[in-house]
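# Close look at the chain arrangement
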Amino acid sequence: MSTAIIVVGANGRMGRTISHLAATEPAYSLAGMVDSKERVGELGGASCPVSADLGELLTKVPGAVIIDFTAPAVSLASARAAAAAGNALVIGTTGFSEAEKAELEALARRAPIFWASNMSIGVNVLRKILPELARALGEPYDIEIVEIHHNRKKDSPSGTALTLGEGLAEARGWKLNDVRCSARDGIIGARPKAQIGIQAVRGGDVVGVHTVYFMGPGERIEVSHHAHSRETFAQGALRAAAWLANKKPGKLYGMADMF
Ligand code: NAD
């Protein structure tokens, strides 16, 4: 049986890719599309119900799994609608504040909710092996992360860079918020040992590049992930939707739960 999908942010870069795959891959069916009041008109001609109001759409397609790649406030509103109706929800949006994350976690006790800052298989394998590398190399190796994204990206640094940074900080016994440095300008002096630099580069149509540097005495290791297209994230989101469809609420699920 195919998994019915409602895409929130269906007009966006990720939303268009996910809607196309959901409509064309046999394992999924596109059951609804949502975008803002201003942009929902651009979804005209769709073969499924279209709305600017997710709550209203959920009454028409009750069992569908929602996939939301939009902005933090919009995804939180989707989570409230999912919690009220009991639908499963996959969120790919990045840039949540700590308070917004806490609200998502609370809503995940009422409906199955999944969030991942990066849905690609490659990045999630990296999340596993980078902390091992940090531990094996030890303290003499300084860790820096550089991410590159297209010139329309709203949040900085990327959610993926922060997620990778959190795992690396933990491997060193640190909290990322205590050691993160995302700006260096002027007479900054020597680099403190307890530091992880995360720098953002923006330009053109780059889908996403993350490079982690381990720099030690006389050598350096660079581990890079390059996303070639948005399809890799869209496939991950759809896979998460199929996985989440029969899960119970209780915790905010993530990629580690799915693999
Ligand atoms: P985008 O700006 O192209 O798309 C956002 C869409 O949301 C737009 O169509 C916009 O009209 C719509 N929107 C705005 N307000 C809305 C509302 N009130 N209701 C419904 N829709 C509304 O952005 P994008 O490049 O597709 O990225 C979206 C998010 O996904 C960003 O946070 C980005 O960082 C994240 N992202 C995550 C992954 C991942 O793997 N987790 C991958 C790529 C992007």
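Residue positions are given per chain, counting from 1 as you read along its sequence in written order. The predicted nature of this model means local features are confined to residues of pLDDT at least 70 and side-chain atom pairs, given and counted, to a pLDDT of 80 or more, with totals for whole chains, interfaces and linings taken over all residues. Excluding hydrogens and water, the side-chain values take into account all heavy atoms of the structure.

We apply this condition: UniProt positions are given in the numbering used here, feature names are shortened, and annotations may be inferred rather than shown by experiment.
The protein chain is annotated in an unreviewed UniProt entry as 4-hydroxy-tetrahydrodipicolinate reductase from Desulfovibrio legallii. Database annotation for the protein chain, UniProt heading Function (unreviewed entry): "Catalyzes the conversion of 4-hydroxy-tetrahydrodipicolinate (HTPA) to tetrahydrodipicolinate." If you open the UniProt record of the protein chain and go to Pathway (unreviewed entry), you find "Amino-acid biosynthesis; L-lysine biosynthesis via DAP pathway; (S)-tetrahydrodipicolinate from L-aspartate: step 4/4."

### Looking at the packing of aromatic side chains
The cut-off we apply is this: Aromatic rings from Phe, Tyr and Trp, taking only the six-membered ring of Trp, are treated as a pair when their centres fall within 6.5 Å; an angle between ring planes under 30 degrees marks them as stacked, one over 60 as edge-to-face, and anything in between as tilted. Where helices and strands are cited, they refer to DSSP runs of H or I of at least four residues and of E of at least two residues respectively, numbered from the N terminus. Note on classification: 1.4 Å probe, protein chains only; a residue is buried when its accessible area is under 20% of the maximum for its type, exposed when over 50%, partly exposed between these limits.
All told, the structure shown has 3 aromatic pairs when counted by the stated rule. Seen from their ring centres, F96 and W115 are 6.2 Å apart, and the 80 degrees between their planes marks the pair as edge-to-face. Highlighted residues: F96 in the loop between β5 (89-91) and α4 (98-107) and W115 in strand β6 (residues 113-115), separated in sequence by 19 residues. The same class applies to F96 as to W115, namely buried. Taking the centre distance of 5.3 Å and the plane angle of 85 degrees together, the rings of W243 and Y253 count as edge-to-face. Here Y253 lies in strand β12 (residues 252-253) and W243 lies in helix α8 (residues 231-244), a separation of 10 residues in the sequence.

### Thoughts on the sheet that holds β6
Rule in force here: A pair of strands counts as paired when DSSP detects no fewer than two bridges linking them.
With parallel pairing, 7 strands are arranged side by side in an open sheet as β3-β2-β1-β4-β5-β6-β12. Two strands in the sheet have a free side with no partner beyond their single neighbour: β3 (50-51) and β12. Relative to β5, strand β4 (residues 65-68) runs parallel, the two sharing 3 bridges. Considered in β5, the bridge of D68 is made with I91.

### Notes on the nonpolar core
Heads up, the rule is: Residues belong to one nonpolar core when they are buried, are Ala, Val, Leu, Ile, Met, Phe, Trp, Tyr or Cys, and are joined through side-chain atoms within 4.5 Å. It only takes one pair of heavy atoms within 4.5 Å for two residues to be counted as in contact.
If you look at the biggest cluster of nonpolar residues, it comprises 34 residues, and the most contacted ones within it are I5, I18, I67, V90, F114, M119 and L238. Mapped onto this core, the elements with two or more residues apiece are β1 (3-8), α1 (13-24), β2 (28-34), β4, α8 and α9 (255-258). Ranked by residues supplied to this core, first place goes to α8 with 8 residues. Sequence-distant contacts of F114, that is, excluding residues within four places in its chain, are made with L89, V90, I91, M119, A240, W243, L244, L252, Y253, G254, M255 and M258. By size, the runner-up hydrophobic cluster in this structure holds 24 residues, among which are A83, L89, L107 and W115.

### Some thoughts on the pattern of salt bridges
Test applied: Only one rule defines a salt bridge in this text: a Lys or Arg side-chain nitrogen within 4 Å of an Asp or Glu carboxyl oxygen.
This structure, assessed with the given rule, holds 11 salt bridges. Note that D257 and K251 form a salt bridge whose closest N and O atoms lie 2.6 Å from each other. Because the salt bridges share partners, they merge into one network encompassing D142, E144, R184, R191 and K193.

### Describing the domain arrangement of the protein chain
Let me state the cut-off plainly: Note: domain ranges come from an automatic or database domain assignment. A 1.4 Å probe defines the accessible area here, and the buried area is the portion of it lost by two parts on being joined, summed over both.
One can read the domain layout of the protein chain as domain 1 (3-119 + 231-257) and domain 2 (141-216). Taken over C-alpha atoms, the centre of domain 1 sits 28 Å from the centre of domain 2. Each partner contributes to the interface: domain 1 provides 7 residues, whereas domain 2 provides 9 residues. Summing the contributions of domain 1 and of domain 2, the shared interface buries around 580 Å²; its carbon and sulfur component is 43%. Three residues stand out in domain 1 for area buried against domain 2, namely R13, T94 and S117, and they jointly supply 61% of the buried area on that side. Across the domain 1-domain 2 interface, the total number found is 0 salt bridges.

### Concerning a negative patch on the surface
Rules: Each patch groups residues whose relative accessible area exceeds 30% and which form no salt bridge, using 9 Å between like charges and 5 Å between nonpolar side chains of Val, Leu, Ile, Met, Phe, Trp and Tyr. Each accessible area is a Shrake-Rupley estimate made with a 1.4 Å probe; only the visible protein chains count as cover when residues are assessed. Charged residues are defined narrowly, with Lys and Arg counted positive, Asp and Glu counted negative, and His plus the chain ends left uncounted. Charge positions are represented by NZ for Lys, CZ for Arg, CG for Asp and CD for Glu.
Among the surface-exposed residues, E98, E105, E166 and E170 lie close enough to one another that they form a single negatively charged patch. The set of elements that each furnish at least two residues to the negative patch consists of α4 and α6 (159-171). One can find E170 in helix α6. Of the residues examined, E170 reaches a relative accessible area of 65% and is grouped as exposed.

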